[in-house]
Amino acid sequence: MRVYKTKDYEGMSKKAAFLMAAQINAKPDSVLGLATGSTPVGVYRQLIQWYREDLLDFSRITTINLDEYRGLAAENDQSYRYFMNHNLFDHVNIRKECTYLPDGTEPDSKKACREYDAIIKGVGGIDLQILGLGRNGHIGFNEPGDYFEKTTHCVDLTESTIEANKRFFQKEEDVPRQAYTMGIQTIMGAGTILLLVSGEEKAEILRQVICGPVTPRVPASILQMHPRAVVIADEAALSRTENLGE
Ligand code: F6R
């Protein structure tokens, strides 16, 4: 795994945005795997700025998001569809019909997951995937477990994830208890993976991801096995990972 150390969140965002912009410019019809949460917001902000400066064109881009809460419709301001529209899609020239997330309103979870896998297959897989890191080591909503889940599946969110995500909701009871998430095999199938990590509170889990054993107990540790996985993390996040980082 290549590890880039940046001074802070802004540096992390800029570095990741440069790599994404390089991907978009080198292959204008790229399939980008996207994430929600606090981590990628700065990257999306930078990409929007470059789009406004006429440096980026999203007209032939396809996007595949990692996950969506089960039961939330696109209009719900806590849905990941809403987040993506608000933080990226509404501000660039992407064709909305080429932006995909699992269908949170589909009550039949098997159907929702099957359909999402068919979409990913249909677009030919993911060229570049960006990931945030959960405090428990999750990527997408692949929570710590006994084995790596392969394809899109329905997960029961762990207490740790509900606790971490309640900041986006009015009260903890409003946090959905389930989500549809891309699986580890699909994530690992991406041509390049960027794992973005910021902040001291993720320093210990990031140390385990980079230096610990590959185990489904720390789902992101599987990235050690990917030939083109890049960690972009700030000094605080790398504070327990000695001597690493270019
Ligand atoms: C979001 C996702 C999650 C987050 C992770 C970190 O689509 O799949 O894995 O990336 O929970 O969240 P933040 O960035 O809010 O710390």
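You'll find the structure just up there.
Quick summary incoming for the structure in this document. (Residues numbered from 1 in each chain as written. Predicted model: local features only at pLDDT ≥ 70, side-chain atom pairs only at ≥ 80, totals over all residues. Heavy atoms only, no water.)

Some thoughts on the environment of K171
Position of K171 relative to the elements: it lies in the loop between α5 (159–165) and β8 (178–181). For K171, a relative accessible area of 42% translates into the label partly exposed. Sequence-wise, K171 and I193 are 22 residues apart; in three dimensions their C-alpha atoms are separated by 33 Å. (Helix = DSSP H or I, 4+ residues; strand = E, 2+ residues; numbered from the N terminus. Buried < 20%, exposed > 50% of the residue type's maximum accessible area, 1.4 Å probe, protein only.)

With respect to the pattern of salt bridges
Side-chain pairing between opposite charges can occur once the charged atoms of the two side chains come close. Applying the stated criterion to the full structure yields 10 salt bridges. Put simply, D146 and R217 hold a salt bridge, and the shortest N to O gap is 2.1 Å. Taken together, the residues D146 in the loop between β6 (128–131) and β7 (153–156) and R217 in the loop between α7 (203–211) and β10 (229–234) connect sequence positions 71 residues apart. E172 is paired through a salt bridge with K166; the nearest N and O atoms lie 3.8 Å apart. E172 sits in the partly exposed class, given a relative accessible area of 29%. One connected set of salt bridges, linked through shared partners, spans E106, K111 and E115. (Salt bridge = Lys/Arg side-chain N within 4 Å of Asp/Glu carboxyl O.)

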